[in-house]
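Coordinates in review
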Amino acid sequence: MNFPAPISTDELLNTATAENLYQKLIEQLNKDFNFANEPVDFHPSTTPESLKVQLHEKIYRLIQYKFAEYLSLLYIVDVPENEVKKLDGSDIMELSEQVAFLILKREWMKVWFRSRY
């Protein structure tokens, strides 16, 4: 079975919710952020829309104020470097939104594979 790559944050979160894996996704995000020494506490009752906003804000702050920690997080989450290099960094707000999606996509991939194999 091939991994169904989501094309947007909303699609990813809707799929995770529909497959009853949204809580696992939150757990994975919390785990990897804590491992990167950038603790977040996405509560299990966090709505998908709220998660999207909070993650975007966290990434924005990391890019602006803690760039080395941001790079460490990308490494720990295992976001493909070539995908990050493709992004346009001229608008930090847009960049942080795109990076948040890449992080969610990679975390979703981990959760999805664990649920099936």
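My aim in this report is to walk through the structure given alongside it, one point at a time. As a convention, each chain's residues are numbered from 1 in the sequence order in which they are written. Where totals are concerned, whole chains, interfaces and linings use all residues; where local detail is concerned, this predicted model gives features only for residues with pLDDT of at least 70, and gives and counts side-chain atom pairs only at 80 or more. To get the side-chain values, all heavy atoms of the structure are used, and hydrogens and water are removed first.

Things to note about the layout of surface pockets
Put plainly, a pocket is an open set of points on a 1 Å grid over the protein atoms alone with protein on both sides within 12 Å along at least five of seven lines, a cavity is a set where a 1.4 Å probe fits but cannot get out, and a lining residue has an atom within 4 Å of a point. Grid points are joined across faces, edges and corners, and a volume is the space filled by probe spheres set on the points. Considering only enclosed or pocket space, the largest pocket measures out at about 260 Å³ in volume. Looking at the largest pocket, the residues that line it are F67, Y70, L71, L74, Y75, D78, V79, E81, V84, K85 and L95. Only α4 (67-77) and α5 (81-85) provide two or more residues apiece to the lining of the largest pocket. Under the convention adopted here, Pro, Cys and the residues Ala, Val, Leu, Ile, Met, Phe, Trp and Tyr are nonpolar, Asp, Glu, Lys and Arg are charged, and Gly plus all remaining residues are polar. Residue composition of the lining of the largest pocket, by class: 8 nonpolar, no polar and 3 charged. Only DSSP runs of H or I with at least four residues qualify as helices, and only runs of E with at least two residues qualify as strands; both kinds are numbered from the N terminus onward.

Some points on a negative patch on the surface
Only residues whose relative accessible area exceeds 30% and that take part in no salt bridge are eligible for patches, with like-charged residues grouped when within 9 Å of each other and nonpolar side chains (Val, Leu, Ile, Met, Phe, Trp, Tyr) grouped when within 5 Å. Residue exposure ignores everything except the shown protein chains as possible cover, and the areas themselves are Shrake-Rupley values with a 1.4 Å probe. The rule for a salt bridge is simple: a side-chain nitrogen of Lys or Arg has to be within 4 Å of a carboxyl oxygen of Asp or Glu. Note that His is not counted, nor are the chain ends; the positive residues are Lys and Arg, and the negative ones are Asp and Glu. In this description, the location of a charge corresponds to atom NZ of lysine, CZ of arginine, CG of aspartate or CD of glutamate. A cluster of acidic residues, D88, D91, E94 and E97, forms a negative patch at the surface. Within the secondary structure, E97 sits in helix α6 (residues 92-116). Classification of E97 as partly exposed rests on a relative accessible area of 41%. Exposure classes here rest on a 1.4 Å probe applied to the protein chains alone. A residue is buried below 20% of its type maximum, exposed above 50%, and partly exposed in between.

Some points on unusual backbone geometry
Positive phi, normally seen in glycine, also occurs at N20, with a value near 55°. Within the secondary structure, N20 is located in the loop between α1 (9-18) and α2 (22-35). Using a relative accessible area of 70% as the deciding quantity, one classes N20 as exposed. The backbone phi angle of D78 is positive, close to 75°, even though this residue is not glycine. Along the chain, the position of D78 falls in the loop between α4 and α5. Under the relative-accessibility criterion, D78 is labelled partly exposed at 42%.

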